[in-house]
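# Examining the three-dimensional arrangement
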Amino acid sequence: MKKKNDLICCRLKRLPNSVLVEAAQTATRINPVNHPRMDGLAGLMPGFRPSPQRIAVMTTSYWGAVGVKLTVGFLDNPPADLRKHILLHMNAWDKQANVQFVPGDTDPQVRISRVGGTDGGYWSYVGTEILHTPKAEATMNLEEFTMETPESEFHRVVRHETGHTLGFPHEHMRRALVEKIDRQKAIVYFKRQDNWDEQETINQVLTPIEEAAIRGTIADPNSIMCYQIPGEITTDGEPIVGGLDIDKSDYTFAGQIYPKQATPVAKKPVAKKK
Ligand SMILES: [Zn+2]
């Protein structure tokens, strides 16, 4: 059972297999960079002919390089101050990136629920995948978030889940970090903490993301996209600290994926010194 002081772990939401190929096509249409680099793969495995399903699994879900502007709605009618506060933290990503989340009541693209139970916890679909979720269902869940929730949790959780909505995967799924986790201990730990069965823990924590899907950054254990992995389940007993807020490398990465356009400023021509 979850104790009061335990941090809830994020569970990455994945689309059902039946729509994966279609969703991958959408992702590649929105941003061609999402398509895995086939030249690299063919070089590693001569004669390799990947199936559409295999390509889909390796396709990332970033939005277009022109930037992200998404409408946000709430499924359970939370008070205005809470809506505003969640949006404020979602928009923290705009510091160095061209990212904007705006309220929208009609067919919002990002739909937030706060449910508990079997579908509870903190989760989000990744990037353009949200376009392939049923319109009446949430794309992000922030279980029991209220204005009484500590501010630190808005930083840790809302910004993290928003990172997924922007297309960012889990940093702790990077091979270098996954290799630090003790498999058996992790399975026992997440069963106890989050009631995940073995397969869920394997999917969420023990399976590194495909190297082909990585955009060339180094694994950053302090990234907001890395969750806390306690020392009791790592092989060297040292915790993976995890990010509590968007860090410098997160901002830089977001800025690379969604660069802010240079705003043309009308300048008076400066007279040259003679
Ligand atoms: Zn997550």
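The structure we're discussing is the one just above.
Residues numbered from 1 in each chain as written. Predicted model: local features only at pLDDT ≥ 70, side-chain atom pairs only at ≥ 80, totals over all residues. Heavy atoms only, no water.

### Description of the side chain of E161
Mapped onto the elements, E161 comes out in helix α5 (residues 151-165). For the buried E161, no salt bridge is present, and the opposite-charge side chain at shortest range is R156, 7.8 Å distant. Discounting chain neighbours no more than four positions away, the residues touching E161 are C10, Y122, W123, S124, M140, L142 and Y227. (Helix = DSSP H or I, 4+ residues; strand = E, 2+ residues; numbered from the N terminus. Buried < 20%, exposed > 50% of the residue type's maximum accessible area, 1.4 Å probe, protein only. Lys, Arg positive; Asp, Glu negative; His and termini not counted. Salt bridge = Lys/Arg side-chain N within 4 Å of Asp/Glu carboxyl O. Contact = heavy atoms within 4.5 Å.)

### Thoughts on the packing of aromatic side chains
Using the criterion set out here, one finds eleven aromatic pairs in the structure. Taken together, a centroid distance of 5.0 Å and an interplanar angle of 15° make the contact between F190 and W196 stacked. The same class applies to F190 and to W196, which are both buried. One aromatic cluster is present, formed by Y62, W93, F168, Y251, F253 and Y258 through successive ring pairs. (Phe/Tyr/Trp six-rings, centres within 6.5 Å; stacked < 30°, edge-to-face > 60°.)

### Some points on the environment of N34
By secondary structure assignment, the location of N34 is in the loop between α1 (17-30) and α2 (38-44). When neighbours within four sequence positions are excluded, N34 is seen to be in contact with A27, T28, M58, T59, T60, S61 and Y62. A polar contact is formed between the side chain of N34 and the backbone oxygen of A27, at a distance of 2.9 Å. (Polar contact = N/O pair within 3.5 Å; in protein donor to acceptor, adjacent residues only side chain to side chain.)

### So, the sheet that holds strand β1 (residues 10-12)
Pairing within the open sheet is mixed, and its six strands lie in the order β1-β5-β6-β4-β2-β3. Both outer strands of the open sheet, β1 and β3 (99-103), are each paired with one neighbouring strand and no more. Averaged over neighbouring strand pairs, the angle between their axes works out to 25° when direction is ignored. Note that strand β4 (residues 110-113) and strand β6 (residues 140-142) share two bridges and pair parallel. Counted as the bridge partner of S113 is N141 from β6. (Pairing = 2+ DSSP bridges. Axes fitted to C-alpha atoms, helices over the stretch in contact; angles between N-to-C directions.)

### Things to note about the packing of helix α7 (residues 183-194) against helix α8 (residues 198-206)
Closest axis-to-axis distance for the α7/α8 pair is 9 Å, and the angle between their directions is 115°. The orientation of α7 with respect to α8, classified from their angle, is roughly perpendicular. In the packing of α7 onto α8, the handedness of the crossing is right-handed. Each of R183, A186, I187 and F190 in α7 lies in contact with α8, whose residues at this interface are E198, T201, I202, V205 and L206. The class makeup of the residues in the contact of α7 with α8 is six nonpolar, one polar and two charged. (Parallel < 35°, antiparallel > 145°, perpendicular 65-115°, else oblique. Left-handed = near helix turned anticlockwise from the far one by under 90°. Nonpolar A, V, L, I, M, F, W, Y, C, P; charged D, E, K, R; others polar.)

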